[in-house]
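For reference, the chains in residue letters:
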Amino acid sequence: MLGLALGTTAARADPPEPFPACLDRLITQGETAGVDRSLAEAQLRGLTPDEGVLANTRNQAEFARPVWAYLEASVTDAKVAEGRRLLSVWGTTLDAIEARYGVDRDTLVAFWGVESSYGAVLDDPSIVRPAIRSLATLACGDATRADYWRDELIAALRILAAGDATPERLTGSWAGALGHTQFMPSVFLKRAVDFDGDGRRDLWGSVPDALASTAHYLVTEGWRRGERWGAEAVLPPGFDLSLADETTARPLAEWRSLGVNPVRSDGLADDQRATLFLPAGQRGPAFLLLPNFAVILRYNTAFAYALTVAHLSDRLRGQPGFATDWPRGDRMLGTEERRDLQDRLVARGFAAGGIDGKIGPRTRAAIRAYQTSIGLPPDGYADAGLLDRLRAEP
Ligand code: CA
């Protein structure tokens, strides 16, 4: 979901504020921020917390699914087929959105499919909840991110004040992510557009508004017209893996001269600059990532999410699945194991960017440096074998 801030866990020492008192405080804070007091009172007075919403905040911490599990759950043949059908249904609208924003139709429909299964989640009562109640529950019950949720609640009240949605229409995920595009309310206020011209930005009932709002968001974040996200690539035998450092951009022509060839070249140009990334190490697929991939990451910072959108867009273009398979036999490290891995890297002088159990670019850089120091191929992959090796060292 777009704009959701994922915080870290911390405990609050104070006793919890009673829910009605918290709502009163939020009404006053909304008024200070310019939200009409009577509107906020009508929405918040008498609400009860949604316990299901708070349960979701506690379930978020563990995220040990491998990239390919996330990908394959989201990019199914059925989702590709439905996306291609919708490309046809909404062809005229997509022509107009492409012309105005310069974001291609396959990318837009891929976001739609990944965010809300082309809107199917909007009809799923187990997912969709009244957004004001969810955000009030979080603002009063999730002490680690209370200010963030308060600001999103105030943004949701502004959406009502602007007349873009009725209170009945203003539904979302447990975190208050809204409509076909799953925009958080603050993102809605900044980036949603009224593309069908009915005077309201309607991310629930208007597919043109939803697709154009996604395009508006992407172009605001730097989407490059006419460019792809990148491509899967094949590495030559004996390739120097230190070049796959995620950060050094080289023209595609230079990658080719190094023996790194895109599996498919349609939509690519020799002078485009790409970084090389091996998300599952040397035994998994390699990717040449163009600047638009970083824009997809602005929607959601998880690499698995971005690759899922990118891959679905390619499948919608008619491309097949990956040329190289994933290392499916690997056991994924749990959060504590990932922390242990980071701890042991840091103890050996390889700065891993914090002991948080999240394997990001800095941890992978530390792994590559460690692998190089002991003569292993530096692919930056945090697998169980690497942790075993670190634990076996004195
Ligand atoms: Ca509209």
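Keep in mind that this is a model prediction, so the values were computed, not measured.

### Overview of the coordination of the calcium ion
Consideration 1: The calcium ion binds to the protein through Asp194 (OD), Asp196 (OD), Asp198 (OD), Arg200 (O), Asp209 (OD) and Asp209 (OD); the donor distances cover 2.2 to 3.1 Å.
Consideration 2: For the calcium ion, the six donor atoms in the first shell make angles of 46 to 160° at the metal, so the coordination geometry reads as irregular.
Consideration 3: Look at where the donors of the calcium ion fall in the sequence and you get D-x1-D-x1-D-x1-R-x8-D.
Consideration 4: What makes Arg200 partly exposed here is its relative accessible area of 31%.

### Some words on the state of the cysteines
Consideration 1: One pass over the structure, following the stated rule, counts one disulfide.
Consideration 2: Here Cys22 connects covalently by a disulfide to Cys140, the sulfurs 2.0 Å from one another. Since a negative S-S torsion denotes a left-handed disulfide, the Cys22-Cys140 link at about -90° is left-handed. Of this pair, Cys22 sits in helix H1 (residues 19–32) while Cys140 sits in helix H8 (residues 131–141), placing them 118 residues apart in sequence. Taken as a pair, Cys22 and Cys140 share a single burial class, namely buried.

### Here we look at the confidence of the model for the protein chain
Consideration 1: Of all residues in the protein chain, 95% attain a pLDDT of 70 or more, and the chain-wide mean is 93.
Consideration 2: Taken together, the stretch residues 7–12 has pLDDT below 50 and engages in six contacts with residues farther than four places along the chain or on a different chain.

### Regarding the sheet that holds strand S6 (residues 273–277)
Consideration 1: Strand order in the open sheet formed by five strands is S4-S6-S7-S3-S5, with antiparallel pairing between adjacent strands. Each edge of the open sheet carries a strand with a single partner, namely strand S4 (250–251) and strand S5 (261–262).
Consideration 2: Taken together, the four bridges between strand S3 (residues 230–234) and strand S7 (residues 286–289) define a ladder with antiparallel strand orientation. The residue bridging Glu232 from the neighbouring strand is Phe287, located in S7.

### Description of the pairing of S3
Consideration 1: Taking burial as the measure, the five residues of S3 include four buried ones, the bulk of the element.
Consideration 2: Across two bridges, the pairing between S3 and S5 is antiparallel. Following the sheet pairing, Ala233 is matched in S5 by Pro262.

### Things to note about unusual backbone geometry
Consideration 1: Positive phi outside glycine occurs at Ser117, with the angle close to 50°.
Consideration 2: Located in the positive-phi region is Tyr118, a residue other than glycine, with phi close to 55°.

So, how was this worked out
Per chain, residues are indexed from 1 in the order of the written sequence. Given that the model is predicted, a residue must reach a pLDDT of at least 70 before its local features are reported, and side-chain atom pairs must reach 80 or more before they are shown or counted; all residues, however, enter totals for whole chains, interfaces and linings. Water and hydrogen atoms play no part in the side-chain values, which are based on all heavy atoms of the structure. With water excluded from the atoms, a metal site may look incomplete; its donors are any N, O or S atoms within 2.8 Å, or within 3.2 Å for Na, K and Ca. Here the metal geometry follows the donor angles, with tetrahedral for four donors whose angles all fall between 85 and 135 degrees, square planar for four and octahedral for six when opposite donors are more than 155 degrees apart and every other angle is between 65 and 115, and irregular for all the rest. Exposed residues in this analysis have more than 50% of their type's maximum accessible area, buried residues have under 20%, and partly exposed residues fall in between, with area computed by a 1.4 Å probe over protein chains only. Pairs of cysteine sulfur atoms within 2.5 Å are what we label disulfides. Secondary structure elements are defined from DSSP: runs of H or I of at least 4 residues count as helices, runs of E of at least 2 residues count as strands, and each element is numbered from the N terminus. Confidence scores labelled pLDDT are given residue by residue by the predictor and lie between 0 and 100. By the convention used here, residues are in contact when the closest approach between their heavy atoms is within 4.5 Å. When DSSP finds two or more bridges between a pair of strands, those strands are recorded as paired.

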